[in-house]
Amino acid sequence: MFKRIKEDIEVVFEQDPAARSYIEVVLTYSGLHAIWAHRMAHWFFKKKLYFIARAISQISRFFTGIEIHPGATIGRRFFIDHGMGVVIGETCEIGNNVTIFQGVTLGGTGKEKGKRHPTLKDNVLVATGAKVLGSITIGENSKIGAGSVVLKDVPANATVVGIPGRVVVQDGIRVKKDLNHRDLPDPIADICISMQKQIDELKTEVELLRQERSKGHDNKNL
């Protein structure tokens, strides 16, 4: 246990140039506190002491702003940088040497049952605000860009950006199909277009009803 704690502290110094001393890291790094609390909660979860496990995770969430379900499986040398707003779901599986930043969600889509959260292989990095959703797998050494929304499996050694996320680098080679930000989906615009289409259809129907009603009045007058 002490070896694992020391390893968790060492990875902070490797990943964060702002870390100055062991005391500072141990006392002030909320990501580290969340990981340690999760390890404890996960132990109780495996013993089927679910209430105690959830209580520990909720207390940790209150103090750190990081929500990790006690059922999630997390490997060694896991690093959460800053951490506020991080959410990790129950059936997540996270490998070794994984780094995630603030605002990251490793969640479900609400449609799956059983394994419904992502699997992150070794050496994955998930940047600020990214959302990785569903029972998908992010391959070894892959990177998820800030603000991306990933809904499909990502191969190893890939870089993914955008909404929805798409591979732009694979095995160090840039994918020929460049990401055109002007063509990214705009759900609000899509809703507005759909509403306008329905309004136009209703206007046409109302106009037809008016014409039929007008014809009916003319026939009565005859």
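Residues numbered from 1 in each chain as written. Predicted model: local features only at pLDDT ≥ 70, side-chain atom pairs only at ≥ 80, totals over all residues. Heavy atoms only, no water.

The name given to the protein in an unreviewed UniProt entry is Serine acetyltransferase, with Perspicuibacillus lycopersici as the source organism. Its UniProt record gives the protein the following Subcellular location (unreviewed entry) comment, quoted word for word: "Cytoplasm". Per UniProt, the protein has the following entry under Pathway (unreviewed entry): "Amino-acid biosynthesis; L-cysteine biosynthesis; L-cysteine from L-serine: step 1/2." (UniProt positions renumbered as here; feature names shortened; annotations may be inferred.)

### Here's the deal with empty space enclosed by the protein
Applying the stated criterion across every chain yields a total of two cavities of 30 Å³ or more. The calculated volume of the largest cavity comes to roughly 40 Å³. As for the largest cavity, its lining consists of Ala34, Ala37, His38, Ser57, Ser60, Ile66, Glu67 and Ile68. For the lining of the largest cavity, the secondary structure elements donating two or more residues are helix 3 (30–46), helix 4 (50–64) and strand 1 (67–68). When residues in the lining of the largest cavity are grouped by element, the largest group, three residues, is from helix 3. (1 Å grid on protein atoms, 1.4 Å probe; cavity = no way out; pocket = protein on both sides within 12 Å on 5 of 7 lines; lining within 4 Å. Points joined across faces, edges and corners; volume = space filled by probe spheres on them. Helix = DSSP H or I, 4+ residues; strand = E, 2+ residues; numbered from the N terminus.)

### Points about unusual backbone geometry
Cis geometry is found at the peptide bond from isoleucine 163 to proline 164, where omega equals -10°. Among the structural elements, proline 164 can be located in the loop between strand 14 (158–161) and strand 15 (166–170). Even without glycine at this site, lysine 48 takes up a positive phi of about 65°. Within the element layout of this structure, lysine 48 appears in the loop between helix 3 and helix 4. Its identity is not glycine, yet asparagine 157 carries a phi of approximately 60°, on the positive side. Relative to the elements of secondary structure, asparagine 157 occurs in the loop between strand 13 (149–150) and strand 14.

### Focus on the sheet that holds strand 4 (residues 87–88)
Strand order in this open sheet of five strands is 1-4-7-10-13, and the pairing throughout is parallel. What marks the edges here is a single partner per strand, and that holds for strand 1 and strand 13. Pairing analysis gives three bridges linking strand 7 (residues 105–107) to strand 10 (residues 131–133), with the strands arranged parallel. Bridge pairing in strand 10 links leucine 106 to valine 132. (Pairing = 2+ DSSP bridges.)

### Things to note about the UniProt feature "domain: Serine acetyltransferase N-terminal" (unreviewed entry) in the protein
UniProt tags residues 3–35 as "domain: Serine acetyltransferase N-terminal" (unreviewed entry). The span residues 3–35 carries 79% helix and 0% strand; its end-to-end C-alpha distance comes to 15 Å.

### Details of the packing of helix 3 against helix 4
Packing of helix 3 against helix 4 leaves a shortest axis separation of 8 Å and a crossing angle of 170°. In terms of orientation, helix 3 lies roughly antiparallel with respect to helix 4. In contact with Ser30, His33, Ala34, Ala37, Met40, Ala41, Phe44 and Phe45 of helix 3, helix 4 contributes Tyr50, Ile52, Ala53, Ile56, Ser57, Ser60 and Thr64. Among the residues making up the contact of helix 3 with helix 4, the classes are represented as 10 nonpolar, five polar and no charged. (Axes fitted to C-alpha atoms, helices over the stretch in contact; angles between N-to-C directions. Parallel < 35°, antiparallel > 145°, perpendicular 65-115°, else oblique. Contact = heavy atoms within 4.5 Å. Nonpolar A, V, L, I, M, F, W, Y, C, P; charged D, E, K, R; others polar.)

### A few points about the nonpolar core
In this structure, Phe78, Ile88, Ile100, Val126 and Ile138 are the most contacted members of the largest nonpolar core, which totals 28 residues. Residue assignment for this core shows that the elements contributing at least two residues are helix 3 and strand 14. Residues in contact with isoleucine 138, not counting those within four places in the same chain, are Thr119, Leu120, Lys121, Val124, Val132, Ile144, Val150 and Val154. Core analysis: the next-biggest nonpolar cluster, separate from the first, contains eight residues, Ile9, Ala19, Val25 and Phe79 among them. (Core = buried A, V, L, I, M, F, W, Y, C linked by side-chain atoms within 4.5 Å. Buried < 20%, exposed > 50% of the residue type's maximum accessible area, 1.4 Å probe, protein only.)

### Some thoughts on the pairing of strand 14
Only one face of strand 14 is buried, namely the one carrying Ala158 and Val160, since none of Thr159 and Val161 on the opposite face is buried. Pairing geometry for strand 12 (residues 143–144) and strand 14, over two bridges, is parallel. Paired with lysine 143 across the strands is threonine 159, a residue of strand 14. As judged from the four bridges shared by strand 14 and strand 15, these two strands associate in the antiparallel manner. Its bridge partner lying in strand 15, valine 161 is registered against arginine 166. Connecting strand 14 to the next strand, strand 15, in antiparallel fashion are four residues, including glycine 162 with a positive phi near 95°.

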